[in-house]
Amino acid sequence: QRQMCIRDRVYWIIRKERSCRFMETKWTGKGLGITVGFSLIYFVITMLVMMSGSFTPLTWIFMTALIGLLAGVPYMYITAREQIFGVSTIMNLIVGLIYFIAGELSNLVIVTLIASAILAEIIRKLSGYKSLKGNLCSYILFAFGMSGSPIYIWAFRDYTIQKAAEEMSAEYAASMDAMATPFMLAVMIVATIILAIIGGLIGEAILKKKLSIVGVK
């Protein structure tokens, strides 16, 4: 029995040390660097999805839904590792800065990046940073960060259709015009929520062991 107590004690000491190495509860240079790294991964995901919109306006309209599906793993990992305010803000800030430098950042995207980051941060703060449900709910809101891009067609329809005809083709613009109905906007919002949930759950499943180590449950 004594040996079992010693073994259990050693086990929990090792578990605690692993948790401390994995989890950050205040900003450090290393934590910031890792967050920036995952922000770049997130940017690549948004860029690839955005590029896929050149093939059909359907993937452009459902951009945020596809991003929500694909970015679940990196988001759930970094929010578990950095259990502190600012992760969502840094990720959207990095993405916004890169698109700004590239000349691809519209006013609507600025608004949605800021709004989604703030709302995601609030949810994480209220849930105490250790809640899987809290991180998942924050991710659903975070997934709408790039929604300003497809929303452009509903906010500035004539301008967007004209630019699509100039930069893509008349057929592409006509197809976009036909798809951009109020019903499709509602479908896009619902699809983003559903696919963000799926993406977050995939992230939870893949990272289940690491999440349990840091006490996120």
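Scroll up to find the structure this text is about.
All of the points below concern the structure found in this document.

The rules behind the values
- Residues numbered from 1 in each chain as written.
- Predicted model: local features only at pLDDT ≥ 70, side-chain atom pairs only at ≥ 80, totals over all residues.
- Heavy atoms only, no water.
- Axes fitted to C-alpha atoms, helices over the stretch in contact; angles between N-to-C directions.
- Helix = DSSP H or I, 4+ residues; strand = E, 2+ residues; numbered from the N terminus.
- Parallel < 35°, antiparallel > 145°, perpendicular 65-115°, else oblique.
- Left-handed = near helix turned anticlockwise from the far one by under 90°.
- Contact = heavy atoms within 4.5 Å.
- Nonpolar A, V, L, I, M, F, W, Y, C, P; charged D, E, K, R; others polar.
- Buried < 20%, exposed > 50% of the residue type's maximum accessible area, 1.4 Å probe, protein only.
- 1 Å grid on protein atoms, 1.4 Å probe; cavity = no way out; pocket = protein on both sides within 12 Å on 5 of 7 lines; lining within 4 Å.
- Points joined across faces, edges and corners; volume = space filled by probe spheres on them.

**Concerning the packing of helix α2 (residues 29–52) against helix α5 (residues 72–81)**
In step 1: Orientation of α2 relative to α5, taken along the N-to-C sense of each, is 165°, at an axis distance of 10 Å. The angle between α2 and α5 falls in the class roughly antiparallel. Handedness of the α2/α5 crossing: left-handed. Contacts from Lys-30, Gly-31, Ile-34, Thr-35, Phe-38, Ile-41 and Ile-45 in α2 reach Pro-74, Tyr-77, Ile-78 and Arg-81 in α5.
In step 2: Here the contact of α2 with α5 is composed, by residue class, of seven nonpolar, two polar and two charged.

**Here's the deal with α5**
In step 1: In terms of burial, α5 is largely enclosed, as nine of its ten residues are buried.
In step 2: Within the sequence span of α5, burial applies to Gly-72, Pro-74, Tyr-75, Met-76, Tyr-77, Ile-78, Thr-79, Ala-80 and Arg-81.

**Points about the layout of surface pockets**
In step 1: Each pocket or cavity is described by its volume, and for the largest pocket that value is around 690 Å³.
In step 2: As for the largest pocket, its lining consists of 19 residues, of which Trp-60, Glu-104, Ser-149, Lys-163 and Glu-167 are closest to the centre.
In step 3: Those elements giving two or more residues to the lining of the largest pocket turn out to be α9 (148–155), α10 (157–167) and α11 (170–179).
In step 4: If you tally residues by element for the lining of the largest pocket, the top one is α10, at five residues.
In step 5: Within this model, the second largest pocket holds a volume of roughly 190 Å³.
In step 6: Residue lining of the second largest pocket: Thr-89, Asn-92, Leu-93, Gly-96, Leu-97, Phe-100, Leu-105, Ile-110, Leu-113, Ile-114, Ala-117 and Ile-118, and that is the complete set.
In step 7: Counting only elements with at least two residues in the lining of the second largest pocket, the list comes to α6 (87–101) and α7 (107–127).
In step 8: Considering each element in turn, the lining of the second largest pocket owes the most residues, six residues, to α6.
In step 9: Split by residue class, the lining of the second largest pocket holds nine nonpolar, three polar and no charged.

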